[in-house]
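An overview of the molecular structure
Residues per chain, in single letters:
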Amino acid sequence: MTALLELDGVGMSFGGLRAVDDLSFGVEEGQIVGLIGPNGAGKTTVFNLITGVYKPKAGIIRWQGIEITGAKPARVAGLGLRRTFQTIRLFSDMSVFENVRAGCHLAARQQWWQGLLSLPAQRREEAELTARTHEILRRLDLDSVADSPATSLSYGVQRRVELARTLAGQPKLIILDEPAAGLNESESAGLNETIYAIRETGVTILLVEHDMNVVMQVSDHIVVINFGRKIAEGDAASVRANPDVIEAYLGRDSDEEDV
Amino acid sequence: MGTFIQQLINGLTVGGIFALIALGYTMVYGVMRLINFAHGDLCILGAFIGLTTLTSAAGGGHPGAGLLLLAFVVSVIVIAVAGVALERIAYRPLRKADRLAAVVSALGASMMIENGIMLVWGPQVHVFPSNLLPATTWHLAGATISFVQVMIILASLVLMIALYLFVNHTRFGTAIRAAAIDQDAARLMGINVNRVIASVFIIGPALGAIGGLFIGIYYREAYFTMGWTYGLYAFIAAILGGIGNIPGAMLGGVLLGLFNAFAAGYVSSSWQDAITFGLLIVILLVRPTGLLGERVAEKV
Amino acid sequence: MRRAKLGTLIWAAGLALPFALDSSWVSVAAFFAIYAITALSEDIILGRAGIFDMGHAVYFGIGAYVTAILNTTLNIPILLTIPVAMLVAAGVGALLSAPLIRLRGDYLLVATIGFNAIFVLAMQNNPGGITGGSDGITGIGVPTLFGLQLESQSSMFWLDWVALGAVLLLMHNLDGCEFGRALRYLKQDELAASTLGVDARKVKTLAFALGAGLAGLAGTLFAVQLSTVSPSSFLFTESVTLFAIVIVGGQGSIPGVLFGTALMFVVPQIFRGLAEYRYFVFGIAMIAVMVLRPQGLLPRKRIAT
């Protein structure tokens, strides 16, 4: 069986700095895969390479067996691969509803001229997508804040809005970049439920997380990287017992923000 | 050969002026990330103030070299004060606002100064007095070099060297460079960013006033819309060298001056400006950060 | 919805202007309609897509020149030149956008200034003897509709006013369609938008083509109104004015852009006696508005769901 997403010998450097080096791993359909590593290990860079924000200097990235190395972000999104951002990138001048509606962009089949003329087919589609947006807002318990400006909300709610926006695109795989960052304890506890609930709907998940509790609990499979290289891979128990992993974590302070 | 040297000298003269004015654009941009569209108009205002100083101090008589020096001093002081006032009134309140608000404010300031000049001095072309400077000329391999040209080239050179030394070898210069790289970090290091910004609005317009007066003396005329024309050229020079980069503005000014001079020698003058703007667009596309500007990676 | 109805009413009432005003004021109203279309078209690129276009007079000028050339040299009826003018302007917009959208922020702004300067110089230099050089082209005919000559100032006003109505309708629809929203996503955060599948290149190119095309329409109307075109009507300063209208009025706000247009083009007519103070006061007003209301005079309202 081909993996849903596969990295094969992927490498990236900035100036002289090797951020990602000969990295290979796969994500099977329906899995929850955790990508962990100490600060500056290159985790976010890996996400940026997968989603086309950066173009890898070496290696191949495959989606359902087809090479997508260096594809532009918009094309990657079109394949059914969506992401959140560590720093949360909501559209700040827009309401929660509008933000989540933005996730439906590719579901809109209307042409620009149909929109400008406000033709019946286009209006029907608008109504459908509005309904879809409301449904997702309900699913993620955001309907009460639908009309609030997105950035007026607490950090935890903003993360949920961003997640809702990703799900609105009906992705096959979502990449969550530190979904627990900035959450309080109860929000963080609720995150596990949310992640499971998303998987229930048939969405595969790849997540980067600092919060070890979250990663160890939810992941079916964990990939550990340090200095851009893979140092271990396996289930939670085997990774936890791996001496290289222990050394990588104990040797460094892991409380700072990842680059 | 004669034409070549002649164009070289002409180009260096105009290039020196461009560079002096370009420095004002680039220093402000470096620290504030703002295109000060009013800068060209401030420079030409400098020319008008210098001219008025000359004629009124001469009291109908013929202005001599001493009065010329006075004209420079008055013009530099007035324009530096105007620059600081401009920053206080039109730009400081918008530092945290949408970038476009500051752009429009700058355009408004430009319109205000340009039309203010017209209201005070009228729409007509003002002629600078002749024989302000010795009519001495030198001949070199068939080219004629005038005293004015030598003065402008030398003065521009001295001013640029002085600015370079100031920015790179004094504490305050270091503060300017630090604020240009990262205002917030500079503030945390105890640098008074407001003072830095005020200083670039003193130095830039002061150099610009000198550049503006040079334009008046060299072309022997001044009119109110001149700020746009020369401002735009100097601005292109700043972009050419890499906006925000001080040596870049100097290099860009000189190169643009030379380019214009040689283009005028070989291309019909009606297409010369079009070629200059075409060059600008090509540079922006090929190397948007200019010749000496550094590439800035966007952080995700 | 209420705002849209109110807008429709005001527009309909505007049709009666020729009965209420003398002919010189009708001509002011006609110019308002023409510049409003141009400013709204600039708003698509600048206010909605967030692309710093400071050379919009180019597309306005192309529309005017296409109509002038087709009408005076080939005797093509004015109304038939409109689609050609719009298509040529849109084509040039799309063509220029290819290099432009690779640039960011201020660099893009500078490049559009450059294109504007080149356009004016090109028209002045009379390439192929078709643009009439600095004097431009005179003797542009009047439009005929169903054999009726739209010769009077009032009939020309109605032509402009109907065109403005059509453009306003398009702008209104733009707010509620996917293309219009995609522009706003790109303006707010291009990276986030692209990870949602927004094809930045395609959307921005379309924005340029649409904005340029509508400016081309306004250009035709302008040429007809003046019955002459010359390079001086499309200088960089016109682009600056259009740019300022959008920012001063309110980006992405239809009432804001219309109000901005009225301030920049109609108010000066009221104070015609003080013509020489006009731009001086404008400059001060631009600074004052930005300092006091950086978001514009009538900023865009958040759309409730």
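Model, not experiment: these values are computed from the prediction.

Each helix and strand counted, chain B has 11 helices and 4 strands in total. A globule of 300 residues ought to have a C-alpha radius of gyration of about 19 Å, and chain B, at 19 Å, matches this closely. For the C-alpha atoms alone, the extent of chain B along its principal axes is close to 60 × 45 × 35 Å. Per-residue burial for chain B yields a buried fraction of 56% across its 300 residues. At a minimum sequence separation of 6, the contacts of chain B that also span at least 24 residues come to 76%.

Across the contact, 44 residues belong to chain B and 40 residues belong to chain C. Between chain B and chain C, roughly 3600 Å² of surface is buried when both sides are summed, and carbon and sulfur atoms account for 82% of that area. Viewed at the interface, chain C and chain B are joined by 1 salt bridge. Across the pair Arg99(B) and Asp106(C) runs a salt bridge whose closest N-O atoms are separated by 2.5 Å. Between the two partners, chain B and chain C, sit 3 residue pairs in polar contact (both at pLDDT 80 or more). Of all the elements in the fold, those that place two or more residues in the side of chain B that touches chain C are helix 3 (65-91), helix 4 (99-121), helix 9 (226-241) and helix 11 (269-286) of chain B. Counting residues per element, the side of chain B that touches chain C draws most heavily on helix 4 of chain B, which supplies 15 residues. Looking at the side of chain B that touches chain C residue by residue, the classes come out as 32 nonpolar, 7 polar and 5 charged.

Turning our attention to the packing of aromatic side chains. This structure, assessed with the given rule, holds 28 aromatic pairs over all chains. Seen from their ring centres, Phe4(B) and Phe262(B) are 5.4 Å apart, and the 35° between their planes marks the pair as tilted. In this pair, Phe4(B) sits in helix 1 (residues 2-32) while Phe262(B) sits in helix 10 (residues 246-266), placing the two residues 258 residues apart along the sequence. You can call Phe262(B) buried: its relative accessible area is 18%. For the ring pair Trp228(B) and Phe236(C), a centre distance of 5.0 Å and an interplane angle of 90° mean the geometry is edge-to-face. Here Trp228(B) is found in helix 9, whereas its partner Phe236(C) is found in helix 11 (residues 236-249) on a different chain. Side by side, Trp228(B) and Phe236(C) carry an identical accessibility label, which is buried.

Considering all chains together, one arrives at 22 salt bridges over all chains under this definition. Here Arg181(C) ties to Glu126(A) by a salt bridge, and the two come within 2.7 Å at their closest N and O atoms. Taken together, the positions of Arg181(C) in helix 8 (residues 178-188) and Glu126(A) in helix 5 (residues 120-139) put the pair across two chains. As far as burial versus exposure is concerned, Arg181(C) and Glu126(A) are alike and both buried. The closest approach of N and O atoms between Asp184(B) and Arg187(B), which form a salt bridge, is 3.2 Å. Linking Asp184(B) with Arg187(B), this pair stays in helix 7 (residues 183-188), spanning 3 residues, or about one helical turn. The exposure class of Arg187(B) is partly exposed, given its relative accessible area of 39%.

Glancing now at the sheet that holds strand 8 (residues 204-208) of chain A. Residue and element names in this part refer to chain A. Taken in spatial order, the 6 strands line up as 6-7-8-3-9-10 in an open sheet, and their pairing is mixed. Every other strand in the sheet has two partners, leaving strand 6 (81-83) and strand 10 (229-234) as the edge strands with one partner each. Going from strand to strand, the sheet's axes swing by 20° on average, the running direction of each strand aside. Bridging between strand 9 (residues 221-226) and strand 10 involves 5 bridges; their strand directions are antiparallel. When the bridges of strand 10 are listed, isoleucine 225 appears paired with lysine 230. Against the sheet, helix 6 (residues 155-168) touches strand 6 and strand 7 (173-177), its axis set at about 160° to strand 7.

Attention shifts here to the pairing of strand 2 (residues 17-27) of chain A. All names here are of chain A. Across 7 bridges, the pairing between strand 1 (residues 5-14) and strand 2 is antiparallel. Its bridge partner lying in strand 2, leucine 5 is registered against valine 27. Taking the residues between adjacent antiparallel strands as the criterion, strand 1 and strand 2 are bridged by 2 residues, where glycine 15 takes a positive phi near 60°.

A separate point is helix 4 of chain B. Look at helix 4 of chain B: 33 Å from first C-alpha to last across 23 residues, which is about the 33 Å you get at 1.5 Å a residue. Across the 23 residues that make up helix 4 of chain B, a large majority, 19, are buried.

Let's shift gears to the sheet that holds strand 2 of chain A. Residues and elements named next belong to chain A. Spatially, the 4 strands line up as an open sheet ordered 2-1-4-5, and their pairing is antiparallel. Two strands close off the open sheet at either side, each with one partner strand: strand 2 and strand 5 (66-67). Across 5 bridges, strand 1 lies against strand 4 (residues 58-63) in antiparallel orientation. Across the sheet, residue glycine 11 finds its bridge partner in strand 4, namely alanine 58. Each of strand 1, strand 2 and strand 4 touches helix 1 (residues 43-50); the most contacted strand, strand 1, lies at about 115° to it.

Turning our eyes to something else, we now look at the packing of helix 3 of chain B against helix 8 (residues 193-219) of chain B. Residues and elements named next belong to chain B. Close contact between helix 3 and helix 8 brings their axes to 7 Å; oriented N to C, the two are set at 135°. Here helix 3 is positioned oblique relative to helix 8, judged by the angle of their axes. Here helix 3 runs over helix 8; the crossing is right-handed. Here Leu68, Ala71, Phe72, Ser75, Val76, Ile79, Ala80, Gly83, Val84, Glu87 and Tyr91 of helix 3 lie close against helix 8, whose contacting residues are Ile197, Ala198, Phe201, Ile202, Pro205, Ala206, Ala209, Ile210, Leu213, Phe214 and Ile217. Of the residues in the contact of helix 3 with helix 8, the class split is 19 nonpolar, 2 polar and 1 charged.

This paragraph deals with the pairing of strand 8 of chain A. Residues and elements named next belong to chain A. The element strand 8 is extensively covered by neighbouring structure, given that 5 of its 5 residues are classed as buried. Of the two faces of strand 8, the one lined by Thr204, Leu206 and Val208 and the one lined by Ile205 and Leu207 are each fully buried. One ladder, built from 4 bridges, connects strand 3 (residues 32-36) with strand 8; its direction is parallel. Each residue of the ladder has a partner; that of isoleucine 32, found in strand 8, is isoleucine 205. The sheet contact formed by strand 7 and strand 8 spans 5 bridges and is parallel. Bridged to leucine 173 within strand 8 is threonine 204.

As a further point, take the side chain of Asn260(B). Mapped onto the secondary structure, Asn260(B) falls in helix 10. In this view, Asn260(B) contacts Phe18(B), Tyr233(B), Gln272(B) and Thr276(B); residues no more than four positions away in its chain are not counted.

Below, the discussion takes up the nonpolar core. In this structure, Phe37(B), Tyr91(B), Met54(C) and Phe243(C) are the most contacted members of the largest nonpolar core, which totals 212 residues. Not counting chain neighbours up to four residues away, the residues in contact with Phe37(B) comprise Val103(B), Ala106(B), Leu107(B), Ser110(B), Trp228(B), Met54(C), Leu109(C) and Ile113(C). Residues Ile88(A), Leu90(A), Val100(A) and Val157(A) belong to the second largest nonpolar core, which totals 35 residues.

All names here are of chain A. Within the chain, isoleucine 88 stands out as a residue other than glycine whose phi angle is a positive 60°. If you trace the backbone, isoleucine 88 turns up in the loop between strand 6 and helix 3 (96-102). Phi is positive for serine 118, which is not a glycine, with a value near 50°.

All names here are of chain B. A surface patch of nonpolar side chains, amounting to about 470 Å² of accessible area, comprises Leu154, Leu157, Ile161, Tyr164 and Leu165. Checked against the element boundaries, leucine 154 lands in helix 5 (residues 147-169). For leucine 154, a relative accessible area of 48% gives the class partly exposed.

So, how was this worked out
- Residues numbered from 1 in each chain as written.
- Chains lettered and ligands numbered in written order.
- Predicted model: local features only at pLDDT ≥ 70, side-chain atom pairs only at ≥ 80, totals over all residues.
- Heavy atoms only, no water.
- Helix = DSSP H or I, 4+ residues; strand = E, 2+ residues; numbered from the N terminus.
- Rg over C-alpha atoms; globule rule 2.2 N^0.38 Å.
- Buried < 20%, exposed > 50% of the residue type's maximum accessible area, 1.4 Å probe, protein only.
- Contact = heavy atoms within 4.5 Å.
- Buried area = accessible area lost by both parts, 1.4 Å probe.
- Salt bridge = Lys/Arg side-chain N within 4 Å of Asp/Glu carboxyl O.
- Polar contact = N/O pair within 3.5 Å; in protein donor to acceptor, adjacent residues only side chain to side chain.
- Nonpolar A, V, L, I, M, F, W, Y, C, P; charged D, E, K, R; others polar.
- Phe/Tyr/Trp six-rings, centres within 6.5 Å; stacked < 30°, edge-to-face > 60°.
- Pairing = 2+ DSSP bridges.
- Axes fitted to C-alpha atoms, helices over the stretch in contact; angles between N-to-C directions.
- Expected span 1.5 Å × (residues − 1).
- Parallel < 35°, antiparallel > 145°, perpendicular 65-115°, else oblique.
- Left-handed = near helix turned anticlockwise from the far one by under 90°.
- Core = buried A, V, L, I, M, F, W, Y, C linked by side-chain atoms within 4.5 Å.
- Patch = residues over 30% accessible without salt bridge, like charges linked within 9 Å, V, L, I, M, F, W, Y side chains within 5 Å.
- Areas by Shrake-Rupley, 256 points an atom, 1.4 Å probe, with all protein chains shown as cover.

As far as function goes, none of this settles anything; it's purely spatial.
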